[in-house]
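# Understanding the architecture of this molecule
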Amino acid sequence: MPSLSTIRASNAAFRSAYRPTALFVGGTSGCGQGTAQAFARATQGRAHILICGRNRQAAERIFESFPKHPESKYEFVEYDVTLMKNVSKAAEEVKHKIGEADSQKTTLNYLVLSQGILTMNGFDPTSEGIDKKMALHFYSRWKFVDELLPLLEQASSDGEEARMMSILDPGASGEIDTADFGLKKTFTLSKAAEQARLYNDNFVAEYSSRHPGISFIHNYPGWVNTDGISRNMPWYLKPVVGPLSRLGARSLEDCGEYMASGLFNPAYRAGGFYLNQNGEPIAKNKLNVDDLEVRKRLVEHYTKEVAF
């Protein structure tokens with residue numbers, strides 16, 4: 001395991017011949033916030049960083065923590081991304097802001113997706129019929145990828161970095177339930193967690209095979225000290241869950257450094273990667289991504305589900 005000091009030094013050594021553009025969806029709290037802040041530190045503020053989320057005040061506070069540089073540009077895109085139609089709108093706004101910031105630039109270099117929710121609720125559909133937990137942990141993430149893929153492809157074609165990262169938990173041991181994609185009939189909290197992990201694993205495999213010039217990463221953040229752990233818990237669990245969540249947990253800052261290392265490590269520049277909380281590849285025998293027919297059916301299901 002690389003030490004934190006080694007990871008920090010490696011991130012701090014990052015240099016770019018151009019001002020990179022990065023979008024952090026879910027970057028107003030938790031691991032997404034930590035990763036955005038680590039990215040800003042590594043670029044020394046010479047970056048165009050966009051954060052997409054629901055909390056503008058939180059985003060403004062995070063921007064204030066970023067280093068300042070003559071080329072710094074920090075922008076917030078406000079949407080509830082449990083809805084696929086909002087993902088499309090958010091992506092259009094992101095494209096507009098990128099073009100507005102630099103009329104010569106039509107590229108996105110880094111797309112980091114960490115939106116999520118920890119809840120004890122059962123199947124809880126949005127107005128589009130997708131469970132909110134599944135919408136955040138899988139559908140909206142890859143909808144963003146689809147909407148912004150041309151900008152990532154252009155970055156790759158221009159010789160720039162083009163990396164996508166989904167922060168969740170790779171290496172689920174189960175199998176995809178092909179009889180109930182989306183879990184509208186057999187939803188349980190544990191099954192939703194497992195299937196979202198499997199869906200992300202398989203999409204990394206599928207998309208990296210289709211777009212070999214782009215890096216697709218599924219990254220596990222580990223146990224992190226974040227308010228999000230208890231935010232959506234029943235009131236009677238919060239006094240217990242909050243303190244317990246801090247035992248042995250990494251700080252947001254430390255987690256962010258390890259997550260950001262996947263964005264800068266030259267070993268992960270193009271292809272599909274599955275990383276643990278220390279930024280290292282997980283064992284291939286932990287992955288269940290090789291059934292091409294299952295992958296095909298999952299993509300078909302996803303395509304229909306997000307078509308709003």
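The structure under discussion appears in the preceding block.
The shown structure was predicted, so the numbers you read here are calculated from the model rather than taken from an experiment.

### With respect to the environment of Arg56
Residue position: Arg56 is located in helix 3 (residues 56–65). Residues Arg56 and Phe123 lie 67 residues apart in sequence; the distance between their C-alpha atoms is 28 Å. Those residues in contact with Arg56 that sit more than four places away from it in its chain are Phe76 and Glu78.

### What to know about the environment of Ser127
Inspection of the secondary structure puts Ser127 in the loop between strand 4 (110–113) and helix 5 (132–157). Judged by its relative accessible area of 67%, Ser127 falls in the exposed class. Separated by 44 residues in the primary sequence, Ser127 and Leu83 place their C-alpha atoms 7.8 Å from one another.

### Side note on unusual backbone geometry
Positive phi, close to 55°, is recorded for Gln44, a residue that is not glycine. When you line up the elements, Gln44 lands in the loop between helix 2 (30–42) and strand 2 (48–53). Given the relative accessible area of 43%, Gln44 is considered partly exposed. Of note in this structure, Leu183 is not a glycine but carries a positive phi near 55°. Locating Leu183 in the fold gives a position in the loop between strand 5 (163–167) and helix 6 (189–210). Overall, the relative accessible area of 0% leaves Leu183 in the buried class.

### A short note on the packing of helix 2 against helix 9 (residues 252–264)
For the pair helix 2 and helix 9, interaxial distance at closest approach is 7 Å and the crossing angle is 65°. Like other packed secondary-structure pairs, helix 2 and helix 9 cross with a definite hand, here right-handed. On the side of helix 2, the interface is formed by Gly30, Cys31, Gln33, Gly34, Thr35, Ala38, Phe39, Arg41 and Ala42, while helix 9 contributes Leu252, Glu253, Cys255, Gly256, Glu257, Met259, Ala260, Leu263 and Phe264. Residue composition of the contact of helix 2 with helix 9, grouped by class: ten nonpolar, five polar and three charged.

### A few points about the packing of aromatic side chains
Counted according to the given criterion, the structure contains 20 aromatic pairs. Ring geometry for Phe39 against Tyr110: centres 5.2 Å apart, planes inclined by 65°, an arrangement best described as edge-to-face. Taken together, the residues span a long stretch of sequence, with Phe39 in helix 2 and Tyr110 in strand 4 at a distance of 71 residues. The two residues Phe39 and Tyr110 agree in class, both being buried. Relative to Tyr139, the ring of Phe138 has its centre 4.8 Å away and its plane inclined at 70°; by these criteria the two rings are edge-to-face. The pair Phe138 / Tyr139 is uniform in exposure class, with both members buried. The ring of Tyr207 has Arg210 lying over it, and the distance from NZ or CZ to the ring centre is 5.9 Å. Seen from the ring of Tyr258, Arg250 lies directly overhead, with NZ or CZ sitting 3.9 Å from the centre.

### Quick word on the layout of surface pockets
Approximately 1400 Å³ is the volume found for the largest pocket. Around the largest pocket sit 49 residues that line it, and Ser114, Gly116, Ile117, Leu118 and His137 are the ones nearest its centre. Residue assignment for the lining of the largest pocket shows that the elements contributing at least two residues are helix 2, strand 2, helix 3, helix 5, helix 6 and helix 7 (228–231). If you tally residues by element for the lining of the largest pocket, the top one is helix 5, at five residues.

### Regarding the nonpolar core
Leu23, Leu111, Tyr139, Trp142, Phe144, Val145 and Phe216 are the most contacted members of the largest nonpolar core, which has 57 residues in total. Of all elements in the fold, only strand 1 (21–25), strand 2, helix 4 (84–101), strand 4, helix 5, helix 6 and helix 10 (292–305) reach the threshold of two or more residues within this core. Here this core gets 13 residues from one element, more than from any other, and that element is helix 5. For Trp142, the contacting residues outside a window of four places in its chain are Met164, Asn200, Phe203, Val204, Tyr207, Phe216 and Tyr302. The next biggest cluster of nonpolar side chains, apart from the first, holds 35 residues, and it includes Phe24, Ala59, Tyr74 and Met259.

### Re the sheet that holds strand 6 (residues 215–219)
Ordered in space as 3-2-1-4-5-6-7, the seven strands form an open sheet in which the pairing is parallel. Both outer strands of the open sheet, strand 3 (73–78) and strand 7 (271–275), are each paired with one neighbouring strand and no more. Taken pair by pair, the neighbouring strands of this sheet meet at an average axis angle of 15°, ignoring direction. Two elements, strand 2 and strand 3, share six bridges in a ladder whose sense is parallel. Residue Leu50 lies in a different strand from strand 3, and its bridge partner there is Glu75.

Calculation rules
Residues numbered from 1 in each chain as written. Predicted model: local features only at pLDDT ≥ 70, side-chain atom pairs only at ≥ 80, totals over all residues. Heavy atoms only, no water. Helix = DSSP H or I, 4+ residues; strand = E, 2+ residues; numbered from the N terminus. Contact = heavy atoms within 4.5 Å. Buried < 20%, exposed > 50% of the residue type's maximum accessible area, 1.4 Å probe, protein only. Axes fitted to C-alpha atoms, helices over the stretch in contact; angles between N-to-C directions. Left-handed = near helix turned anticlockwise from the far one by under 90°. Nonpolar A, V, L, I, M, F, W, Y, C, P; charged D, E, K, R; others polar. Phe/Tyr/Trp six-rings, centres within 6.5 Å; stacked < 30°, edge-to-face > 60°. Lys NZ or Arg CZ within 6 Å of the ring centre and 35° of its normal. 1 Å grid on protein atoms, 1.4 Å probe; cavity = no way out; pocket = protein on both sides within 12 Å on 5 of 7 lines; lining within 4 Å. Points joined across faces, edges and corners; volume = space filled by probe spheres on them. Core = buried A, V, L, I, M, F, W, Y, C linked by side-chain atoms within 4.5 Å. Pairing = 2+ DSSP bridges.

Remember, this is a structural readout, not a statement about activity or role.
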